Amino acid sequence: MESVQEQAVETVQLVTFKVNEEFYASEIIKVQEIVWLTSITRVPTAPQHIIGVINLRGQIIPIISMTKRLNLSAEVRQDELSRIIVFRAGELVAGIIVDEVSEVAKVPKSDIDSSPEVQSGAETTYIKGIAKMGKKVIILLDIEKVILGDKEGANG
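Every value quoted in this text rests on a predicted model; they were computed, and no experiment measured them.

Participant: Just checking my understanding: could you explain the overall build of the protein chain for this structure?
Facilitator: When helices and strands are tallied, the protein chain shows 4 helices and 11 strands. Buried positions account for 41% of the 156 residues belonging to the protein chain. Sequence-distant contacts, at least 24 apart, represent 55% of the contacts inside the protein chain between residues at least 6 apart. Surface summary for the protein chain: the accessible area is close to 9,000 Å², and the carbon and sulfur share equals 50%.

Participant: For this particular structure, what's the right way to read the pattern of salt bridges?
Facilitator: Pairs can form between side chains of opposite charge whenever their charged atoms are close. Per the counting criterion, the structure on display carries 7 salt bridges. Between Glu10 and Lys109 there is a salt bridge, with the nearest N and O atoms lying 3.4 Å from each other. On the criterion of sequence distance, the pair formed by Glu10 in the loop between helix 1 (2-7) and strand 1 (11-19) and Lys109 in the loop between strand 8 (100-108) and strand 9 (112-114) is long-range, its members being 99 residues apart. The class of Glu10 is exposed, set by a relative accessible area of 54%.

Participant: How do you make sense of the packing of aromatic side chains when you look at a structure like this?
Facilitator: Given two aromatic rings, their pairing is described by the distance between the two centres and the angle made by the two planes. Counted according to the given criterion, the structure contains 1 aromatic pair. When the ring of Phe17 is compared with that of Tyr24, the centres are 6.4 Å apart and the planes differ by 20°; the resulting orientation is stacked. For Tyr24, a relative accessible area of 5% puts it in the buried group. Stacked on the ring of Trp36, the Lys or Arg Arg83 has its end atom at 3.7 Å from the ring centre.

Participant: Could you clarify how one ought to interpret the nonpolar core in this entry?
Facilitator: Membership of the largest hydrophobic core comes to 23 residues, with the highest contact counts inside it found for Phe17, Ile96, Leu141 and Ile147. Looking at this core, the elements that each hand over two or more residues are strand 1, strand 6 (83-89), strand 7 (92-98), strand 11 (136-141) and helix 4 (143-148). Among the elements that line this core, the one with the most residues is helix 4, at 4 residues. Setting aside anything within four residues of it in sequence, one finds Leu141 in contact with Phe17, Tyr24, Ala25, Ser26, Met66, Leu70, Tyr126, Lys128 and Val146. Listed in part, the 11 residues of the second largest apolar core include Ile40, Ile51, Leu56 and Val86.

Participant: Quick question: what am I supposed to make of unusual backbone geometry here?
Facilitator: Excluding glycine, a negative phi dihedral is what most residues carry, and trans is how most peptide bonds are arranged. The backbone of Asn20 shows a phi angle near 55°, a positive value even though the residue is not glycine. On the secondary structure map, Asn20 appears in the loop between strand 1 and strand 2 (22-27). Take Asn20: its relative accessible area is 22%, and that puts it in the partly exposed class. One non-glycine residue, Arg57, lies in positive phi territory at about 50°. What makes Arg57 exposed here is its relative accessible area of 66%.

Participant: Would you explain the confidence of the model for the protein chain in this entry?
Facilitator: Interpretation of this model should avoid reading the predicted coordinates in detail wherever pLDDT is low. For the protein chain, per-residue confidence averages 85 on the pLDDT scale, and 85% of positions sit at 70 or higher. Across residues 151-156 the pLDDT falls below 50, and counting only partners more than four positions away or on other chains, this stretch makes 10 contacts in the model.

Participant: Looking at this structure, I do not really get the sheet that holds strand 3 (residues 31-36). What am I missing?
Facilitator: What holds strands together in a sheet is hydrogen bonding between their backbones, with the strands either parallel or antiparallel. With respect to topology, 5 strands assemble into an open sheet ordered 3-6-7-5-4, the strand pairing being mixed. Of all strands in the sheet, those with a lone pairing partner are strand 3 and strand 4 (50-56), marking the two edges. Put simply, the sheet's adjacent strands are angled 30° from each other on average, direction ignored. Pairing between strand 6 and strand 7: 7 bridges, direction antiparallel. Bridge pairing in strand 7 places Ile84 opposite Ile97.

Rules used throughout
- Residues numbered from 1 in each chain as written.
- Predicted model: local features only at pLDDT ≥ 70, side-chain atom pairs only at ≥ 80, totals over all residues.
- Heavy atoms only, no water.
- Helix = DSSP H or I, 4+ residues; strand = E, 2+ residues; numbered from the N terminus.
- Buried < 20%, exposed > 50% of the residue type's maximum accessible area, 1.4 Å probe, protein only.
- Contact = heavy atoms within 4.5 Å.
- Areas by Shrake-Rupley, 256 points an atom, 1.4 Å probe, with all protein chains shown as cover.
- Salt bridge = Lys/Arg side-chain N within 4 Å of Asp/Glu carboxyl O.
- Phe/Tyr/Trp six-rings, centres within 6.5 Å; stacked < 30°, edge-to-face > 60°.
- Lys NZ or Arg CZ within 6 Å of the ring centre and 35° of its normal.
- Core = buried A, V, L, I, M, F, W, Y, C linked by side-chain atoms within 4.5 Å.
- pLDDT = per-residue confidence, 0-100.
- Pairing = 2+ DSSP bridges.
- Axes fitted to C-alpha atoms, helices over the stretch in contact; angles between N-to-C directions.

Listed below in structure tokens is the structure:
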């Protein structure tokens, strides 16, 4: 009977990535694709967290700075490990630049704690929870809020 219960553990599949040496994750089902860092075209008067846009096989995709969105001090490094993770939030598609993509992993839902009330502010708005993977602590992002802003459809 215990083995049946063990098999019935609910899991969520996450893509994990690093931004400024911290581990973050999002549900893999929200990921459209992961691409090499490419030339980003700056857009005048874009919101501060929008770095610019890329042309991905004919589709113009806005690129979000996670450091600006999460109010982090340093900018994401851009080197051979850097990637753009392209996410889909409803009809909107947007990419985020990450230092590196770490892995795709199944995590038991029981290993995810709801977002801690460490502080209030915009940067915690985007946190869905904290996942424990072995000895690593990974910040689980609410990617829709990262892309859309505090409210669905907001420009953030």
